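Coordinate inspection notes
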Amino acid sequence: MTSSSVSGGVQEVCQNLMHLPLNAMEVCWIKDIVVAVTGENMDAMKGIIQKYQHQRISLVEAGVTRHRSIFNGLKALAEDQPDSKLSKPEVVIIHDAVRPFVEEDVLLKVVTAAKECGAAGAIRPLVSTVISPSADGCLDHSLERARHRASEMPQAFLFDVIYEAYQQCSDYDLEFGTECLHLALKYGHIKAKLVEGSPDLWKVTYKRDLYAAESIIKERISQHICLVMDTKDENHVGHRLEEVLKDELNHVKVTSRLPCHTGRDLDQIMSEQCYSYVCVNVMTSDFEEIRKLVNMLEESNLSILYPVVVISVYFLDYKSVPFDQKMENLMQIREYAKEVKKRNILLCGLLIYYPQVFYLPQDPSCLT
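The structure reproduced in this document is the subject of the present report. (Residues numbered from 1 in each chain as written. Predicted model: local features only at pLDDT ≥ 70, side-chain atom pairs only at ≥ 80, totals over all residues. Heavy atoms only, no water.)

A few words on the packing of helix H5 (residues 159-168) against helix H7 (residues 180-188). Close contact between H5 and H7 brings their axes to 9 Å; oriented N to C, the two are set at 80°. With respect to H7, the element H5 is oriented roughly perpendicular. Contacts between H5 and H7 involve Val 161, Ile 162, Ala 165, Tyr 166 and Gln 168 from the first element and Cys 180, Leu 183, Ala 184 and Tyr 187 from the second. Of the residues in the contact of H5 with H7, the class split is 8 nonpolar, 1 polar and no charged. (Axes fitted to C-alpha atoms, helices over the stretch in contact; angles between N-to-C directions. Helix = DSSP H or I, 4+ residues; strand = E, 2+ residues; numbered from the N terminus. Parallel < 35°, antiparallel > 145°, perpendicular 65-115°, else oblique. Contact = heavy atoms within 4.5 Å. Nonpolar A, V, L, I, M, F, W, Y, C, P; charged D, E, K, R; others polar.)

If you want it as structure tokens, here you go:
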């Protein structure tokens, strides 16, 4: 499935929002992303794209209204434009940059519905009653809240349906209209399929909303721990640690991975957007593996947005490891932690010395 996402006009508050991770940028089946940006913000947006190494993004100049901005974005995807560099998609998604928490399943639902019906959009229940005032400022009438819904983003369309609708738009539509689904109905006679959206589709409108958005992101990134283990031996105490984490932190997603030796390993870990790592080192007492992981995290630019926490756990046989080497290992962790802290990576080291022969309890909770 090849789809493209077109953002509406980017408001001033989006200069901050574009520093936040937008899920649409991580969806592999979206081929191109077109963002409409005002002329005075174009250089700033180019700098953000370069800094965070966003891929598949093209910029177009925004219009003076929402519909004019979207029309400019659609033109960038149309084959009838002489300077078009992008291929025309089968389905196009229209989304607002000020709704940064859209999930992939919502995108997939509206795209699937659009392929069947020609147009589709997310909706949510009304939280306030809508009233219509009279010319003298008095109540004229109100709508029954249970019968109506709030139109949200994202919305998806067969490209030809929405592009032809915009080509037929009147100046009044382009100047005062706000609803893309209405244009598909008015000019294309397409009745859009309405898809129930999630509560996370709320719109960041005011500057204070940025603090709420940041709080949501911090909560989300704290709900995932990636456990990197250098052994497949399920009888080792390191695997018991994984069981304990899953048991004690039942509200947190815990995934396990082998050390990163290839680019594919890195892609697999980085794609999960995890900010908390526990690295269990059983087969080696040096810090080569942890250095590889930290270097990969730095190259991914993950720590630019928020601190990445890495806890390195070493299981060492106390009889076979001399005391001097123990102290050397401890000092290496401390010095390396100071170094990577400058890169917004918080490294903690935990050295566990144990006898070569030890008893593993059947009940993992005994390890806590």
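Having seen the model, we can carry on.
Listing the buried residues of H7 in full gives Cys 180, Leu 181, Leu 183, Ala 184 and Tyr 187. Along the long axis of H7, the arc covered by the buried residues comes to 160°, so they all point the same way. Two or three places before Leu 181, at the opening of H7, Glu 179 has a side-chain oxygen 3.0 Å from that residue's backbone nitrogen. One or two steps after H7, the chain reaches His 189, where phi turns positive at roughly 55°. (Buried < 20%, exposed > 50% of the residue type's maximum accessible area, 1.4 Å probe, protein only. Arc of directions from axis to C-beta. Polar contact = N/O pair within 3.5 Å; in protein donor to acceptor, adjacent residues only side chain to side chain.)

Here the focus is the environment of Tyr 275. Relative to the elements of secondary structure, Tyr 275 occurs in the loop between helix H10 (263-270) and strand S12 (276-281). Here Tyr 275 falls in the buried class, since its relative accessible area comes to 3%. Tyr 275 sits 35 residues away from Val 310 along the chain, and the two C-alpha atoms are 8.3 Å apart. In contact with Tyr 275, other than residues within four places in its own chain, are Ile 221, Leu 302, Leu 305, Tyr 306, Pro 307, Val 308 and Val 309.

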